[in-house]
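Structural overview
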Amino acid sequence: MDILAGLNPQQRIAVEHGQGPALVLAGAGSGKTRVIAHRIAYLIGNMAARPENILAVTFTNKAAREMRERVQKIVGVSRSAEPLISTFHSFCVRLLRREIPHIGYKRDFSIYDTDDQKRLIRQILDEEKNPDLDISPREVISRISYAKNHGVSPDQYTARFPSQIADDVQHIYGQYNARLQQSNSLDFDDLLLKSVDLLRKVPEARKYYGDWYKYILVDEYQDTNRPQYELLRLLTSVHKNLFVVGDEDQSIYKFRGADIQNILKFEKDFPGARIIKLEQNYRSSQNILRIAGAVVENNTERKGKTLWTENDSGDIITCHCEKSAREEAGWVASRIREVLLENPDCHVAVLYRANFLSRNFEDALTEKGIPYAVVGSVAFFSRMEVKDLLAYLRIVFNPEDDVALLRIINTPPRGIGNAAIDMLTEAALNRNLPILQVLREKARDPQVSRRFSRPLLRFQELVDKWTAIQESSSIAQLLEAVLNDTQYREMLQKQETATEAENRMANIDELIRAAAESEERGETIADFLDRASLASELDHLDPNARVALMTLHSAKGLEFDVVFLAGMEEGLFPHSQSMDSNEDIEEERRLCYVGITRAKRKLFITWTPFRKNYGPEAGFASKMSRFLKEMPQDLIEGLDEPDYFDQRPQHRSYFHEAGARYEEISKHKGYQAKIREEELPQPKTIAELKAYLQQKERASEAAGSGASAGPVFKAGMRVRHEQFGEGIVLSRERTGNDIKLVVAFSRVGKKSLIERYAKLKAL
DNA sequence: GATTTACGCCTTTTT
DNA sequence: GGCGTAAATC
């Protein structure tokens, strides 16, 4: 196969680029994967590069796999060396499994995913025993990750990111890092950081790998973060052959530390870099490209390129507004049915801003009998039973992995209760030892009562047994041994409903199959665990699925004949938490651009003013997304806001009210913002809204008055509860948006109740 | 120690 | 409104 055949002039220039750094600015659908694949082939075929000296980095496993297949198609499958095509994270794991002893870890380190991180953080928070420490593990994790990605160590934290909780975060951050190291474990961020660390601190390693990888190619360069950038710098310090492909208009991972500046100032970072723009789009119709371009043009943080295509102008874009999220989903499902009836081979995607939106679409599609695949709901490797079994493998593989140990120490129940676990963790903490080692001691300690030590000893013997057979048996066999010895399946049958247990057993079988397959490929237990840690749901997307449901983020890099962009409302898209700064809005806009440009032939956009929040309705009507208004209006049909009253006579009362509320409330500018802030419990009318706000003001004067009409309870009052009977109010205080009452009932004693829900009667 | 009940958090996006 | 973990209860 001729490597250069079928390439357009710009693609060809990129593929034929010689030595030195190069930046390919590739718009959506302009063939960037193609360019990388062909360049790899070109390096091997025309520049006499040895395949094993080539490293290509992608962001997802799926992209890596596809790249590998494409390269093989062009150069043919060679039995000798192949170029290394992998994600940043798996490249780092590979590097570290060989070299990490240089920086004080053991080769069989564990990888902690978000769930493991959360467990560790929670453990640390518990040990602090400090009631003033009021931070959620989630918050801590995201702050630690942010710090790590910006090269800020625990001792620099307060100085670099001052805030009210900085001291607490700094302390926990330090603890967290120490505990990770003690458990011989790395989190996702560490995989990159420790790789950088290694190459910095160990000149021989830097020289070796820098020299080894003569050509490095990076896909989706706009999404690289700082550690990734540093890693690339170190790896290219010898040959300087860094070839990156990216599109600043598709940079959507700022929240994960991606720095759009990496692509914007590439020429500064790598002097003499050649810049190549790919502007011809092969994917979408002209109309789709025009609206995509019109949206992203509103951004300032971009280099600017204009996509063009030889494709037809195509269909007009269809916008549709429904009266509820359910009906929005129903409408989408109906259109999908039409599309599939017309062309059964059509690939359709429903794209949304946040995962929780998938539910309505799943229901609607199921109702209409349309098969679909969801990306990113509950990932296979994060299912409870799968994680349990992997934790067993981890503890055999890395006996210092405390998080894995604590996960399964009493699952299934084996008589090691909370008291025993507390004793072990405390001793381990005091003596800086892995919990398993302390457990070994306590299991044989004559001072420990039999009641505690016997189960410990039995558990230890099991672990020893598995460790012993690990040498001689396959991963699948080891898993079977664990399942038998622990009676894990029996536990599921006992604890779960029949269908649930069956489901989980099927997952276990699937895991064993995956283990067997992994072994067939010649992988070790470490490879298998690494794969499980770094796998993502996207990797399992069935390419034959006609209808795919996923977030806009997951959709990057994919294409579909027909795309539905759902939930196009202010507050959802752009998301309310990304509306404060222009920088955030620009990222949301890029996300919108990504969504639009996934479509090849036809784009539908839907929204609803009356989406439910957590169950209750939002309490105000959402407005159409500003991004809709940025699109050329002549290319879209159905943009006008419909009249709800006439369309739905059968729901007249409800929608009359909702519609009236919408119109009236939107006239009162400023109220909307206020409602948002205070999370008003559903104002039904403007009068009620005003009453609420007035009452609120009075309340702030005379601190602590009630939120809604009705009797106001005070300490000392006698009250009656439907279930608990009569009692006396002891105290009344505000907690968040609610009023909490503590009432002493004569029959059932002291209870705390939420005033709004308790249905108390004054006596 | 297991089963039941309460509450708290969630809904931004992920390797 | 729903799920998972933490406390309360048996």
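Now for a look at the structure at hand. Everything numeric here is computed off the predicted structure, so don't read it as measured data. (Residues numbered from 1 in each chain as written. Chains lettered and ligands numbered in written order. Predicted model: local features only at pLDDT ≥ 70, side-chain atom pairs only at ≥ 80, totals over all residues. Heavy atoms only, no water.)

Moving on: unusual backbone geometry. The phi torsion of most residues other than glycine is negative, and most of the peptide bonds are trans. Residue threonine 411 is joined to proline 412 through a cis peptide bond whose omega torsion reads -5°. The residue after phenylalanine 573, namely proline 574, is reached through a cis peptide bond having omega 5°. Mapped onto the elements, proline 574 comes out in the loop between strand E13 (560-565) and helix H27 (582-596). Residues other than glycine seldom take positive phi values, yet lysine 240 does so here, at roughly 60°. Here asparagine 432, not a glycine, exhibits a phi torsion of approximately 55°, which is positive. Within the secondary structure, asparagine 432 sits in the loop between helix H19 (418-431) and helix H20 (435-444). On the accessibility criterion, asparagine 432 (52% relative accessible area) is exposed. (Helix = DSSP H or I, 4+ residues; strand = E, 2+ residues; numbered from the N terminus. Buried < 20%, exposed > 50% of the residue type's maximum accessible area, 1.4 Å probe, protein only.)

Bringing the protein's contact with DNA strand B into the picture now. Of all residues adjacent to DNA strand B, which total 24 residues, the nearest are Arg353, Asn355, Gly415, His575 and Gln577. The sugar-phosphate portion of DNA strand B accounts for 55% of its atoms within 4 Å of the protein, the bases making up the rest. Here a phosphate oxygen of DNA strand B sits 3.1 Å away from a polar atom, N or O, in the side chain of glutamine 577. When its residues are assigned to classes, the surface near DNA strand B shows nine nonpolar, twelve polar and three charged. (Near = heavy atom within 4 Å. Polar contact = N/O pair within 3.5 Å; in protein donor to acceptor, adjacent residues only side chain to side chain. Nonpolar A, V, L, I, M, F, W, Y, C, P; charged D, E, K, R; others polar.)

Take the packing of aromatic side chains next. The tally for this structure, following the rule as stated, stands at 16 aromatic pairs. An angle of 85° between the planes, with centres 5.5 Å apart, marks the rings of tyrosine 221 and phenylalanine 266 as edge-to-face. Note that tyrosine 221 is positioned in the loop between strand E6 (215-218) and helix H11 (226-235) and phenylalanine 266 in helix H13 (residues 266-269), a separation of 45 residues in sequence. Residue tyrosine 221 shares its accessibility class with phenylalanine 266, and that shared class is buried. Of note, arginine 233 hangs over the ring of phenylalanine 270, and the distance from its end group to the ring centre comes to 4.7 Å. Seen from the ring of phenylalanine 452, arginine 451 lies directly overhead, with NZ or CZ sitting 5.8 Å from the centre. (Phe/Tyr/Trp six-rings, centres within 6.5 Å; stacked < 30°, edge-to-face > 60°. Lys NZ or Arg CZ within 6 Å of the ring centre and 35° of its normal.)

Now for the side chain of aspartate 402. Here aspartate 402 lies in helix H18 (residues 402-408). With residues up to four places along the chain from it excluded, the contact list for aspartate 402 reads Tyr112, Ser183, Pro434 and Ile435. (Contact = heavy atoms within 4.5 Å.)

Along any regular strand, the residues point their side chains to alternate faces of the sheet. With respect to burial, strand E1 (residues 22-26) is a largely interior element, five of its five residues being buried. Side chains Ala22, Val24 and Ala26 of E1 all project onto a buried face; the interleaved residues Leu23 and Leu25 project onto the opposite face, where all are buried too. Pairing of E1 with strand E8 (residues 274-278), which is carried by five bridges, proceeds in the parallel orientation. Pairing of alanine 22 across the sheet is with arginine 274, part of E8. As defined by bridge partners, E1 adjoins strand E7 (residues 242-246) across four bridges and the pair is classed as parallel. Residue pairing across strands places leucine 25 opposite glycine 246, the latter belonging to E7. (Pairing = 2+ DSSP bridges.)

Taken as a whole, this structure holds 51 salt bridges when the rule is applied. Between aspartate 401 and arginine 394 there is a salt bridge; the shortest N-O distance is 2.8 Å. Given the relative accessible area of 0%, aspartate 401 is considered buried. Shared partners join several salt bridges into a network, and the residues in it are Asp113, Asp115, Asp116, Arg119, Lys387, Asp388, Arg394, Asp401 and Arg407. (Salt bridge = Lys/Arg side-chain N within 4 Å of Asp/Glu carboxyl O.)

We now examine the packing of helix H9 (residues 188-201) against helix H10 (residues 203-212). Closest axis-to-axis distance for the H9/H10 pair is 5 Å, and the angle between their directions is 105°. In terms of their interaxial angle, H9 and H10 are classed as roughly perpendicular. Contacts between H9 and H10 involve Leu199, Arg200 and Lys201 from the former and Pro203, Ala205, Arg206 and Tyr209 from the latter. Here the residues of the contact of H9 with H10 are counted per class, giving four nonpolar, no polar and three charged. (Axes fitted to C-alpha atoms, helices over the stretch in contact; angles between N-to-C directions. Parallel < 35°, antiparallel > 145°, perpendicular 65-115°, else oblique.)

Time to look at helix H16 (residues 358-367). If you check which residues of H16 are buried, you get Ser358, Phe361, Ala364 and Leu365. Projection of H16 onto a plane perpendicular to its axis shows the buried side chains occupying an angular sector of 135°, all on one side. Set apart from the buried face of H16 by more than 90 degrees, the exposed residues are Arg359, Thr366 and Glu367. Those residues of H16 hidden inside the fold are in contact with helix H15 (325-342), strand E10 (348-352), strand E11 (373-374) and strand E12 (547-551). One or two residues past the end of H16 sits glycine 369, with phi positive at roughly 70°. (Arc of directions from axis to C-beta.)

If you check helix H2 (residues 32-45), its first and last C-alpha atoms are 20 Å apart, about what 14 residues at 1.5 Å a residue would give, namely 20 Å. Counting buried residues along H2, ten of its 14 residues qualify, which places the element largely inside the surrounding structure. The set of residues buried in H2 consists of Lys32, Val35, Ile36, Ala37, His38, Arg39, Ile40, Ala41, Tyr42 and Leu43. (Expected span 1.5 Å × (residues − 1).)

Next up on the list: the sheet that holds strand E3 (residues 84-87). With parallel pairing, six strands are arranged side by side in an open sheet as E3-E2-E6-E7-E1-E8. The sheet is open, and its two edges are formed by E3 and E8, each paired on a single side. Adjacent strand axes in the sheet meet at a mean angle of 15°, parallel and antiparallel pairs treated alike. The strands that H2 touches are E1, strand E2 (54-58), E3, E6, E7 and E8; relative to E6, the one it contacts most, it runs at about 170°.

We now examine the nonpolar core. Generally speaking, a soluble globular protein has its nonpolar side chains buried in company with each other. In terms of nonpolar packing, the biggest core is built from 52 residues, with Leu390, Leu393, Phe459, Trp466 and Leu511 touching the most fellow members. Element by element, the count of residues in this core is highest for helix H17 (residues 384-397), at nine residues. Look past the residues within four positions of leucine 390 in its chain and what remains in contact with it is Phe381, Leu511, Phe528, Leu529 and Ala532. (Core = buried A, V, L, I, M, F, W, Y, C linked by side-chain atoms within 4.5 Å.)

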